[in-house]
Amino acid sequence: DAGVTQSPTHLIKTRGQHVTLRCSPISGHKSVSWYQQVLGQGPQFIFQYYEKEERGRGNFPDRFSARQFPNYSSELNVNALLLGDSALYLCASSLIAGGDQPQHFGDGTRLSIL
Amino acid sequence: AQTVTQSQPEMSVQEAETVTLSCTYDTSENNYYLFWYKQPPSRQMILVIRQEAYKQQNATENRFSVNFQKAAKSFSLKISDSQLGDTAMYFCAFGPWVAQKLVFGQGTRLTINP
């Protein structure tokens, strides 16, 4: 079975632009979470979606938004990009929501802001 | 808010040796989960081991085991018979009981030398 897939693998944007990152969960998984990992730090939670509804949100500005589609894939959108948004963005999926469910991570999207 | 602290930025051991990575956390919750994740240079976050806070017995997974001290809020990872493939960043993470909002530590870079 395919794991969590994220696209693109990496991309370069300039300040002020908008970006959309995509994530396809493992087949059968209904929960998707997004994390931001700045170089040299641990990942930070951004969003969790379950059954197309937002179930959790981390301490990120409103420039960050996300949604989940009927096939459980997800998009993370970031508007008005800042230099500080440069990071590895990780997507994780699990069967259902709940702390006992192990999260399976994708390889991430490396976003560089010039 | 929960916090996770990993006090060892880097560690290095010889192949076949045993190594212990430290982690402390802070929370006011009574039920929760603790995790160790491994992140090799390939970037994918891989679950190594999980501990439920209500269980007194320490979790083990083959060469990996934990020492969970709930009162001290300590959660260390022991790797026995270390192998070259264990070289990676290791992250300790706190997981709430009902949500999937993982809180990660800063990570420990572990190098296994031949």
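All values reported here derive from a predicted model rather than from experimental measurement.

### Digging into the pattern of salt bridges
Residue and element names in this part refer to chain A.
Logical step 1: Tallied over the entire structure, the rule returns nine salt bridges over all chains.
Logical step 2: Here E51 makes a salt bridge to K30, at a shortest N to O gap of 3.6 Å. Residue E51 is found in the loop between β5 (44-50) and β6 (53-57), and its partner K30 is found in the loop between β3 (19-24) and β4 (31-37); the two are separated by 21 residues along the sequence.
Logical step 3: Note on E51: relative accessible area 29%, which makes it partly exposed.
Logical step 4: When its relative accessible area of 29% is taken as the criterion, K30 is described as partly exposed.
Logical step 5: Measuring nitrogen to oxygen at the nearest pair gives 2.9 Å for the salt bridge that ties R63 to D85. In this pair, R63 is assigned in the loop between β6 and β7 (64-68) and D85 in the loop between β8 (74-78) and β9 (87-94), connecting sequence segments 22 residues apart. Across the pair, D85 and R63 agree in class, each one buried.

### Quick notes on empty space enclosed by the protein
Logical step 1: Counted according to the given criterion, the structure contains one cavity of 30 Å³ or more.
Logical step 2: Along the walls of the largest cavity sit G98, G99, Q101 and Q103 of chain A together with F35, Y37, G95, P96, A99, Q100 and L102 of chain B, which together make up its complete lining.
Logical step 3: Elements with a minimum of two residues in the lining of the largest cavity: β5 (32-39) and β10 (88-96) of chain B.
Logical step 4: Within the lining of the largest cavity, the residues separate by chemical class into five nonpolar, six polar and no charged.

### Topic: the state of the cysteines
Logical step 1: Following the criterion strictly, the structure yields two disulfides over all chains and no others.
Logical step 2: Disulfide partner of C23 of chain A: C91 of chain A, at an S-S distance of 1.8 Å. Here the S-S torsion is close to -65°, and the disulfide linking C23 of chain A with C91 of chain A is therefore left-handed. Residue C23 of chain A is located in strand β3, and its partner C91 of chain A is located in strand β9; the two are separated by 68 residues in the primary sequence. Pair check on accessibility: C23 of chain A and C91 of chain A agree, each one buried.
Logical step 3: Here C23 of chain B connects covalently by a disulfide to C92 of chain B, the sulfurs 2.0 Å from one another. Taking the torsion about the sulfur-sulfur bond, which here is approximately -65°, the covalent link between C23 of chain B and C92 of chain B counts as left-handed. Taken together, the residues C23 of chain B in the loop between β3 (19-21) and β4 (24-26) and C92 of chain B in strand β10 connect sequence positions 69 residues apart. Residue C23 of chain B shares its accessibility class with C92 of chain B, and that shared class is buried.

### Observations regarding the interface of chain A and chain B
Logical step 1: Listed by partner, the interface residues are 29 residues for chain A and 21 residues for chain B.
Logical step 2: Summed over both sides, the interface between chain A and chain B buries roughly 1900 Å², with carbon and sulfur atoms accounting for 47% of that surface.
Logical step 3: Linking chain A with chain B are zero salt bridges.
Logical step 4: Where chain A packs against chain B, one counts six residue pairs in polar contact (both at pLDDT 80 or more).
Logical step 5: Listing elements by their share of the side of chain A that touches chain B, those giving two or more residues are β4, β5, β9 and β11 (109-113) of chain A.
Logical step 6: With four residues, β4 of chain A is the largest single contributor of residues to the side of chain A that touches chain B.
Logical step 7: Per-class residue counts for the side of chain A that touches chain B are nine nonpolar, 16 polar and four charged.

### A closer look at the packing of aromatic side chains
Logical step 1: Scanning the model with the defined rule gives 18 aromatic pairs over all chains in all.
Logical step 2: Note on F105 of chain A and Y37 of chain B: the rings are 5.4 Å apart at their centroids and 85° apart in plane angle, and the pair reads as edge-to-face. Of this pair, F105 of chain A sits in strand β10 (residues 104-105) while Y37 of chain B sits in strand β5, placing the two residues on different chains. Of the two residues, F105 of chain A and Y37 of chain B, neither departs from the other in class, the shared state being buried.
Logical step 3: Ring centres of F68 of chain B and F75 of chain B lie 6.3 Å apart, and the angle between their planes is 80°; this geometry places the pair in the edge-to-face category. As far as burial versus exposure is concerned, F68 of chain B and F75 of chain B are alike and both buried.
Logical step 4: Three or more aromatic residues joined by ring pairs form one cluster here, namely Y35, F45 and F105 of chain A together with Y33, F35, Y37, Y54, F91, W97 and F104 of chain B.

So, how was this worked out
Residue positions within a chain follow its written sequence, with the count starting from 1. Each chain is given a letter, starting from A, and each ligand a number, starting from 1, according to the order in which they appear as written. Thresholds applied to this predicted model are a pLDDT of at least 70 for local features of residues and 80 or more for the giving and counting of side-chain atom pairs; totals over whole chains, interfaces and linings are not thresholded and use all residues. In computing side-chain properties, one takes all heavy atoms of the structure into account and sets aside hydrogens as well as water. When a carboxyl oxygen of Asp or Glu is within 4 Å of a side-chain nitrogen of Lys or Arg, the pair counts as a salt bridge. Counting from the N terminus, the helices are DSSP H or I runs at least four residues long and the strands are E runs at least two residues long. Only protein chains enter the area calculation, which uses a 1.4 Å probe; residues under 20% of their type maximum are buried, those over 50% are exposed, and those in between are partly exposed. Here a cavity denotes grid points, spaced 1 Å and computed from the protein atoms alone, that fit a 1.4 Å probe unable to get out, and a pocket denotes an open set having protein on both sides within 12 Å along at least 5 of 7 lines; residues with an atom within 4 Å of a point are the lining. Grid points are joined across faces, edges and corners, and a volume is the space filled by probe spheres set on the points. Ten residue types, Ala, Val, Leu, Ile, Met, Phe, Trp, Tyr, Cys and Pro, are classed as nonpolar, four, Asp, Glu, Lys and Arg, as charged, and the remainder, Gly among them, as polar. The disulfide criterion used throughout: a pair of cysteine sulfur atoms within 2.5 Å. Throughout, a contact is declared for two residues whenever any of their heavy atoms are within 4.5 Å. By buried area we mean how much accessible surface two parts lose on assembly, using a 1.4 Å probe and totalling the loss over both. We call two N or O atoms a polar contact when they sit within 3.5 Å, provided that within protein one can donate a hydrogen and the other can accept it, with sequence-adjacent residues counted only if both atoms are side-chain atoms. Centre distance within 6.5 Å is the pairing criterion for rings of Phe, Tyr and Trp, where only the six-membered ring of Trp is used; planes under 30 degrees apart are then read as stacked, over 60 as edge-to-face, and the remainder as tilted.

Structural measurements only, silent on function.
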